[in-house]
Each structure stands twice: as structure tokens, then as C-alpha cells.
Amino acid sequence: MAILNYDVWHKIQQMFLEKIYLPMKKKTMKGCLLIAVDGTYVTLPNHPVLGSVFGRVTHSKDPKKNGHSPPQAKVSIAYDVLNKVILDFQVVHQKTSEIPLLF
């Protein structure tokens, strides 16, 4: 895992948008693209590293969980609805607001 370069996924996404999505003939609604953006939470495997990177919800109701839920990440996706294309996908810390992810 230490030798993986995750920047490659951003480069693949950029190349897809430049070479395939931008030049393709797109369906529009009244001349506009219809883009949907939504976010949700994803529960991750209960591992200390995932908890530190993505965060946990702290609570005190269940003593078996030591006051912590499993790690969770915020996921946001931008989707071209009419052309059925994912334009962007982000996985970030659970406390990240959806508005910055939108931009």
C-alpha cells in the first residue's frame, strides 16, 4: 500500500473528461446539461487507521463500542443525469461539508 500513488486516479479522471466526455455529443435539457450532486456517509471497516483518516462519531450510549462508532467517510458524486456519466467522485473525512465538495 505504501507504494501506491493515488494521484493516478485524478489523472485518469482528468483524461476521461478531456478526451472522451468533453468532445462527445451530449443530450441536454433546454440546451443545458443536467448535473446532479449528492453526498452520503459510508461505514468503513473498524480499523484504527481508517478511524484517524476519515473520523468516527463519538457517543456514549453503547459501552461496548468504547464511545465510538465504526469509521465513516463522506462520499460525494457529481453525475450527468441525461448522459449517464459520473463526472466526479470524492471520498473525504466524515465532517467535511457537502458544499465544499460540490465546488
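Let me sum up the structure you'll find in this document. (Residues numbered from 1 in each chain as written. Predicted model: local features only at pLDDT ≥ 70, side-chain atom pairs only at ≥ 80, totals over all residues. Heavy atoms only, no water.)

### Remarks on the side chain of D80
- For D80, the location among the structural elements is in strand 2 (residues 72-80).
- Buried charge without a salt bridge: D80, with K26 as the nearest opposite-charge side chain at an N-O distance of 6.8 Å.
- A distance of 2.4 Å separates the side chain of D80 from the side chain of Y21, its partner in a polar contact.
- A polar contact is formed between the side chain of D80 and the side chain of N83, at a distance of 2.9 Å.
- Excluding its chain neighbours within four sequence positions, the residues that come into contact with D80 are Y21, K26, L33, L34, I35, V85 and L87. (Helix = DSSP H or I, 4+ residues; strand = E, 2+ residues; numbered from the N terminus. Buried < 20%, exposed > 50% of the residue type's maximum accessible area, 1.4 Å probe, protein only. Lys, Arg positive; Asp, Glu negative; His and termini not counted. Salt bridge = Lys/Arg side-chain N within 4 Å of Asp/Glu carboxyl O. Polar contact = N/O pair within 3.5 Å; in protein donor to acceptor, adjacent residues only side chain to side chain. Contact = heavy atoms within 4.5 Å.)

### A few points about the layout of surface pockets
- What the largest pocket holds in volume is close to 450 Å³.
- As for the largest pocket, its lining consists of 14 residues, and the residues nearest its centre are Y6, W9, H10, F89 and V91.
- Elements with a minimum of two residues in the lining of the largest pocket: helix 1 (7-21) and strand 3 (85-93). (1 Å grid on protein atoms, 1.4 Å probe; cavity = no way out; pocket = protein on both sides within 12 Å on 5 of 7 lines; lining within 4 Å. Points joined across faces, edges and corners; volume = space filled by probe spheres on them.)

### Examining the side chain of N83
- Inspection of the secondary structure puts N83 in the loop between strand 2 and strand 3.
- On the basis of relative accessible area, N83 is assigned to the buried category, the value being 13%.
- With residues near it in sequence (within four places) discarded, N83 still touches M24, K25, K26, K27 and L33.

### Let's talk about the environment of H47
- Relative to the helices and strands, H47 resides in the loop between strand 1 (35-43) and helix 2 (48-54).
- Between the alpha carbons of H47 and P71 there is a distance of 7.5 Å; along the sequence they are 24 residues apart.
- Once residues within four sequence positions are removed from consideration, H47 is found in contact with R56 and P71.

Keep in mind these values describe shape, not function.
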